[in-house]
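# Architecture and fold: a report
The lines below spell out each chain.
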Amino acid sequence: MKYIIGSLIAFMFLCGNLHGQVLSVKELSCEHKINPVGLGVSQPRLSWKLEAEGRGVMQTAYEIRVATEPTFAPVQMVWSSGKVMSDASVLQPYSGEALKSGQRYYWQVRVWDNKGKVSPWSLTSYWEMGLINASDWSAKWIEREGDTLRYAPSPYFRKEFLIDRQIAKAVVYVTSHGFYEMHLNGKKVGDEVLTPGWTAYGKRLQYQAYDVTTMLTVGKNAVGAVLGDGWYRGTLAWGDKWAIYGKRLGLLMQLQITYADGTEVRVVTDESWKTNQNGAIVMNDIYNGETYDATKKLIGWDIPEYDDSLWQPVRIGHYPFNLVASEGLPIRKLEEIKPVSIFRSPKGSLLVDMGQNMVGWVRLNVAGAQGTKIVLRHAEVLDKYGELYTDNLRSAKCQLTYTLAGTGEEVYEPRFTFMGFRYVEVIGFPDTLTTDDITGIVVCSDMQQTGSFECSDSLLNQLQHNIVWGQKGNFVDIPTDCPQRDERLGWTGDAQAFCRTAAFNFDVSAFFTKWLKDIALEQCLNGSIPHVIPNVLDPQGSSTTTPSAGWGDVAVIAPWTMYTVYGDKGLLERQYPSMKAWVEYIREKAGDGLIWKGGSIFGDWLFYRAPMKKHTQPDGHTDHDFIATAFYAYSTRLLAESAKELGKHEDAAFYGDLYAKIRNVFMHEYITPAGRIGTNSQTSYVLALMFDLVSDNQRDASAKFLVEDIRSRGNHLSTGFLGTPFLCHVLSNIGYTDVAYDLLLQKTYPSWLYPVTMGATTIWERWDGLKPDSTFQDAGMNSFNHYAYGAIGDWMYRVVAGLETQTPGYRQLLLQPHPTKKMIYATATFDSPYGKTLSGWERKDGKVIVHVVVPANAKAKVVIPVGDTLAVTENGRKLLEINEVSNIQKTADETIFEIGSGSYDFEYDEP
Ligand code: BGC
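Residue indices follow the written sequence of each chain, beginning from 1 at its first position. Two thresholds apply to this predicted model, a pLDDT of at least 70 for residue-level local features and 80 or more for giving and counting side-chain atom pairs, whereas whole-chain, interface and lining totals are computed over all residues. Side-chain descriptors were evaluated using all non-hydrogen atoms of the structure, hydrogens and water having been removed beforehand.

Scanning the protein chain from N- to C-terminus turns up 15 helices and 47 strands. Rg of the C-alpha trace for the protein chain: 29 Å, near the compact-globule value of 29 Å for 911 residues, within the 12% margin. Dimensions along the principal axes, computed over C-alpha positions, put the protein chain at roughly 90 × 85 × 60 Å. Burial classes follow relative accessibility: with a 1.4 Å probe on protein chains only, a residue under 20% of its type's maximum area counts as buried, one over 50% as exposed, and anything between as partly exposed. Counting only residues that meet the buried cut, the protein chain has 61% of its 911 residues in that class. Of all intrachain contacts in the protein chain linking residues separated by at least 6 positions in sequence, the fraction that spans at least 24 positions is 75%. Carbon and sulfur atoms make up 51% of the accessible area of the protein chain, which totals about 34,000 Å². Under this rule, positive means Lys or Arg and negative means Asp or Glu; His and the chain ends count for nothing. By convention, the charge on Lys lies at NZ, on Arg at CZ, on Asp at CG and on Glu at CD. In the protein chain, which carries 88 positive and 103 negative side-chain charges, the distance between the mean positions of the two groups comes to 1 Å. Think of it this way: any DSSP run of H or I at least four residues long counts as a helix, any run of E at least two long counts as a strand, and we number them from the N terminus. Our radius of gyration looks at C-alpha atoms and nothing else; its globule reference is 2.2 Å times the residue count to the power 0.38. Contacts were defined at the residue level, with two residues in contact if any of their heavy atoms lie within 4.5 Å. Using a 1.4 Å probe, the Shrake-Rupley method yields the accessible areas, and only the shown protein chains count as cover for residues.

Quick look at the structure:
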């Protein structure tokens, strides 16, 4: 009987499968993370995605259960939501009893759908709380007496302890002043690097939590850590500054062990630890590299019974409590790259080409005589003679020096530095260097890839590749301007320009959750926003920081963008006071005149300037007060929208009204009756049109002036950091998508593809970093890995492929591909909060096929660029005949309709 029932269930399951009847829940996440350990959120929010075959599937109800053990037995249950009649599947708050520090919580969810099905309980996920109260900490800061010097050797700390019973669980909570690498019984703890990451250290410092249950043994154990200068003490910002946060490195660690019998013990950093500074890491610095003398390696320092009799006692440091659980994404070694060639330069240098401008470091495999010294110099490019070019690194040395121990095969990787490079010069290698001896280790925040863009144009595909690599190289815990020279700072304008593109390529929800909090914390008392976050240019956070429009506006634009992409209202609510304070700062500065005079320092940074001999061509200069006032209007409008979303009705009305007033003044001040805008630069038109600062009856005329300018330059742009991200959007919004395509596909300078034709593998800081004659732009400002101009990626996803959202979080998609005869196909995918989404088009045999995929529990509006609704078919069926298609409408040149989840291929004759 049992067998028959079993077979019957299997049969029913199979039938369900065959008929697209299966409903399940997948990809559970907690506060944007999968199974986080060391969570610092008191009411975590839970998300899941539906897996459903067939079309038009919506969730109608869900049930969540949470327990302290994965068996979900009644005594272990801490919360059950019961069956909640709701289609919400993103960021639903845990609403059970108060959560306990260090406790792991297991959870499952099941859902009901609109087809009458119920899913099985999902696979079990968990989150584990960190140490949420200051009183949970009994560890003390330990430091090394006298360790206050620049470029000092790395200090080591160690302690041994006994475990006398079987362990049920052990978790270590650790952080440091400077970088730490923690060890337990001879092994590195965890796979994160450059820990504890970078926050506004003066205000908050992240700790990491690692489950180390399997790393401990009954008997003697050894725990230890080695520290590096990092962002805390190392060189930071130009001008040879160092020790911005402090001169003393320090370690804080708390190991909590729960025995099988339920008793608990702690091993914490305190007076009982010992320290040494005579190890192999002789010097380490983010900008300048690492010097490692393997003859000084402390062998066995991290295992029990090591003779530490010559080690010194530690000193205890006293600091105000500022610890927070890790919010961002762990930084990890994510990829390994093999060199594409090893060769001698004309002058005889031994050079390695990694084939990709990358960020991280190399691993060296070497054997040779004791004391042999190898120097590795890193650079992004070669000069026109084929020699390593390091001038653009400015003062950053980006150099590794390794002295061999002479013990046979040696493997070296630095740990407290990182470099942005494609080429490595190897000096002093004791043998013939082969590709087996050197490996590129790509280091960045461990972001889940969520998007892809691909098309029939190989140069555009390379551009997309370059954008992605620009992001990988510059998302190392904070969004940086560049990863190689003496800067690598959280420049706000760059992040503002690029954040929407970033959020297509990778899941940056947790990454920005963290960084946005630092923005709010570093905001000056008067609401001004520093140029870089964390604010190392003015670490005391004085209220006199003069902001720059388009940079400071990150405080409004980035939270709004994250809300748009992830639908995270909590984030918007949390950032709201900071957003408002920024707008209030400008309101105070602009006064009743509503023109923000002196509000822009950087202008439309790095816009195209005509060379002297071409002085007949206007350069792309845009008036600074114009820029400042345009961004004032934009941030005010986004603030009003945010207030509306958050139900702050008074603010919504007030800032909506303020926006309308700024708009009026702006039009009066900057737009001529004929529709000329500002300095007549492309960026003038772009900002005014993008921020809706042009009246309806002037829009067409202004649009024509913009297009005229682009055409007069032979389809070239002239925009800088502020105009570029919006340029193609504006063109497609005003009906000139063809002009936008001409710009996008332009191969000569200035354009997005010019660097691609010059062999770029990342996005350049300047349109002409490397000139056609192979000379370089000014070395003082010439990074080959700056993501800002990569903001075009957003237009490629949203307009070329047509993958857009109508509502925050991609609940209601807007799929509106823009086919062009200049290409054969283009497709974008995006793993939205609801699941895999696709939008794209393909021209084939006189037809255009529009491919779209809508995840379960989401809907889409589809816009097909053909005015005849009857001309659009799917599998030979007219739209009207397709069940899941509804609300069909048309305009002169578009067919618009709605669809539910599923995969569709619409087709029409190519006009
Ligand atoms: C950075 C930029 C930044 C700019 C401000 C530069 O040094 O690299 O990307 O936005 O300064 O103008």
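Moving on, we come to the site of the ligand. Lining the immediate environment of the ligand, one finds Asp481, Arg485, Glu487, Trp491, Asp494, Trp551, Phe602, Trp605, Phe721, Glu765, Met781 and His786. Polar contact is defined as a pair of N or O atoms within 3.5 Å, subject to the rule that within protein one atom must be able to donate a hydrogen and the other to accept it, and that residues adjacent in sequence are counted only when both atoms are side-chain atoms. In this structure, an oxygen atom belonging to the ligand sits 2.7 Å away from a side-chain N or O atom of Asp481. Side-chain polar atom of Arg485 to an oxygen atom of the ligand: 2.6 Å apart, as the coordinates give it. Contact with the protein chains hides 96% of the accessible area of the ligand, taken as 310 Å² for the molecule alone. Ten residue types, Ala, Val, Leu, Ile, Met, Phe, Trp, Tyr, Cys and Pro, are classed as nonpolar, four, Asp, Glu, Lys and Arg, as charged, and the remainder, Gly among them, as polar. Tallied by class, the residues present in the shell around the ligand amount to six nonpolar, one polar and five charged. Residues are counted as near a molecule or strand when any one of their heavy atoms sits within 4 Å of it.

Looking at where Phe506 falls in the secondary structure, it is placed in the loop between helix H4 (492-505) and helix H5 (509-522). We classify Phe506 as buried; its relative accessible area is 6%. Between the C-alpha atom of Phe506 and that of Leu815, which follows or precedes it by 309 residues, the distance is 20 Å. In contact with Phe506, other than residues within four places in its own chain, are Met447, Gln448, Gln449, Thr450, Val468, Gln471, Lys472 and Tyr566.

A few words now on the pattern of salt bridges. Whenever a carboxyl oxygen of Asp or Glu lies within 4 Å of a side-chain nitrogen of Lys or Arg, that contact is scored as a salt bridge. Scanning the entire structure with this criterion turns up 59 salt bridges. Between Lys220 and Glu305 there is a salt bridge, with the nearest N and O atoms lying 2.7 Å from each other. Of this pair, Lys220 sits in strand S15 (residues 219-228) while Glu305 sits in the loop between strand S20 (289-293) and strand S21 (312-313), and the two are 85 residues apart along the sequence. The residue Arg233 makes a salt bridge to Asp229 at a minimum N-O spacing of 3.0 Å. Side by side, Arg233 and Asp229 carry an identical accessibility label, which is buried. In this structure, a network of salt bridges that share partners links the residues Arg394, Arg485, Asp486, Glu487 and Glu765.

It is worth spelling out unusual backbone geometry at this point. Here the residue pair Ile533 and Pro534 is connected by a cis peptide bond, since its omega of -5° sits within 30 degrees of zero. Following the sequence through the fold, Pro534 ends up in the loop between H5 and helix H6 (554-566). The amide bond that connects Tyr749 to the next residue, Pro750, takes the cis arrangement and shows omega of -10°. Looking at the secondary structure, you find Pro750 in the loop between helix H13 (737-744) and helix H14 (753-757). With phi around 45°, Asn185 is a residue other than glycine that occupies positive phi space.

This paragraph deals with the sheet that holds strand S46 (residues 895-899). Should DSSP find at least two bridges between two strands, the strands are taken to pair. As summarised here, the arrangement of the five strands in space is S37-S38-S42-S46-S45, forming an open sheet in which the pairing is mixed. In this open sheet, the two edge strands, each paired with only one partner strand, are strand S37 (803-805) and strand S45 (885-890). The sheet shows a mean angle of 20° between the axes of neighbouring strands, taken without regard to direction. Pairing geometry for strand S38 (residues 812-815) and strand S42 (residues 859-864), over four bridges, is parallel. For Leu814, the partnering residue across the bridge sits in S42 and is Lys861. Between the N-to-C directions of two axes lies an angle of 0 to 180 degrees, each axis being a line fitted to C-alpha atoms and, for a helix, fitted only over the stretch in contact.

Turning our attention to the confidence of the model for the protein chain. Of all residues in the protein chain, 97% attain a pLDDT of 70 or more, and the chain-wide mean is 95. pLDDT expresses how confident the predictor is about each individual residue, on a scale running from 0 to 100. Note that pLDDT drops below 50 for residues 1-20; the model gives that stretch seven contacts with residues more than four away or on any other chain.

Now for the environment of Val800. Residue placement: Val800 occurs in helix H15 (residues 792-800). By relative accessible area, which is 0% here, Val800 ends up buried. Through-space distance from the C-alpha of Val800 to that of Leu744 is 10 Å; in sequence the pair is 56 residues apart. Not counting chain neighbours up to four residues away, the residues in contact with Val800 comprise Phe453, Tyr741, Leu744, Trp795, Pro817, His818, Met823, Ala826 and Trp841.

Any two cysteine sulfur atoms lying within 2.5 Å of each other are counted as a disulfide. In total, this model carries zero disulfides according to the counting rule given. Of all cysteine sulfurs in the structure, the one in Cys455 sits closest to Cys728, which takes part in no disulfide; the separation is 14 Å. Take Cys728: its relative accessible area is 1%, and that puts it in the buried class.

This part takes up the side chain of Gln256. Structurally, the position occupied by Gln256 is in strand S16 (residues 250-259). Within the structure, Gln256 has its side chain in polar contact with the side chain of Gln254 (distance 2.7 Å). When sequence neighbours within four positions are dropped, the list of residues in contact with Gln256 reads Leu131, Asp136, Lys169, Ala170, Val171, Tyr173, Val265 and Arg266.

Generally speaking, nonpolar side chains in soluble globular proteins are found buried as a group. Nonpolar cores were defined as sets of buried Ala, Val, Leu, Ile, Met, Phe, Trp, Tyr and Cys residues, with membership established by side-chain atoms within 4.5 Å. Core analysis: the biggest nonpolar cluster contains 224 residues, and Leu463, Trp752 and Phe906 have the highest contact counts within it. Element by element, the count of residues in this core is highest for helix H8 (residues 624-645), at twelve residues. Counting residues in each nonpolar core, the second largest holds 29 residues, with Phe161, Met215, Leu249 and Val314 among its members.

Taken in spatial order, the six strands line up as S13-S12-S15-S10-S18-S21 in an open sheet, and their pairing is antiparallel. On the outer flanks of this sheet lie strand S13 (187-188) and S21, each paired with one strand and no other. Relative to S13, strand S12 (residues 179-184) is paired through two bridges, and the arrangement is antiparallel. Within S13, the residue paired with Leu184 across the bridge is Lys187.

In this section: the side chain of Asp709. The residue Asp709 is located in helix H11 (residues 696-712) in this model. With relative accessibility at 10%, the residue Asp709 sits in the buried group. There is a polar contact of 2.8 Å between the side chain of Asp709 and the side chain of Arg713. Leave out the neighbours within four places in its chain, and Asp709 touches Asn680, Gln682 and Ser718.

Quick look at the packing of helix H7 (residues 569-590) against H8 now. Between two packed helices, the angle of one axis relative to the other and the distance separating the axes together describe the packing. Packing of H7 against H8 leaves a shortest axis separation of 9 Å and a crossing angle of 145°. With respect to the hand of their crossing, H7 and H8 are arranged in left-handed fashion. Listed contacts from H8 to Lys569, Leu572, Tyr576, Met579, Lys580, Trp582, Val583, Ile586, Arg587 and Ala590 of H7 are Tyr632, Ser635, Thr636, Leu639, Ser642, Ala643 and Glu645. Left-handed describes a crossing in which the near helix is turned anticlockwise from the far one by less than a right angle; the clockwise case is right-handed.

Only Phe, Tyr and Trp rings take part, Trp by its six-membered ring, and two of them pair if their centres are within 6.5 Å. Stacked means planes under 30 degrees apart, edge-to-face means over 60, and tilted covers everything else. Enumeration according to the criterion identifies 63 aromatic pairs in this entry. Between the aromatic rings of Phe504 and Phe830, the centroid separation amounts to 5.4 Å while the plane-to-plane angle is 70°, which identifies the pairing as edge-to-face. In this pair, Phe504 is assigned in helix H4 and Phe830 in strand S39 (residues 825-832), connecting sequence segments 326 residues apart. Geometrically, the ring pair formed by Tyr904 and Phe906 is stacked, given 5.6 Å between the ring centres and 15° between the ring planes. For Phe906, a relative accessible area of 0% puts it in the buried group.

This brings us to helix H9 (residues 649-670). Its 22 residues give H9 an end-to-end C-alpha distance of 31 Å, which sits within 8% of 32 Å, the value for a rise of 1.5 Å per residue. Within H9 the residues assigned to the buried category are Asp651, Ala652, Tyr655, Leu658, Tyr659, Ile662, Arg663, Phe666, Met667 and Tyr670. For H9, the secondary structure elements touched by its buried residues are H7, H8, helix H10 (682-690) and H11. Each residue after the first adds 1.5 Å to the expected span of a helix.

Right, let's talk about H15 for a bit. With respect to burial, H15 is a largely interior element, nine of its nine residues being buried. For H15, the complete set of buried residues consists of Ile792, Gly793, Asp794, Trp795, Met796, Tyr797, Arg798, Val799 and Val800.

Pairing between strand S40 (residues 835-844) and strand S41 (residues 847-854): seven bridges, direction antiparallel. Bridging from a neighbouring strand, Arg843 pairs with Val848 of S41. Two strands pair when backbone bridges link them, and S41 and strand S47 (residues 902-909) are joined in this way by eight bridges, in the antiparallel orientation. Counted as the bridge partner of Val850 is Phe906 from S47.

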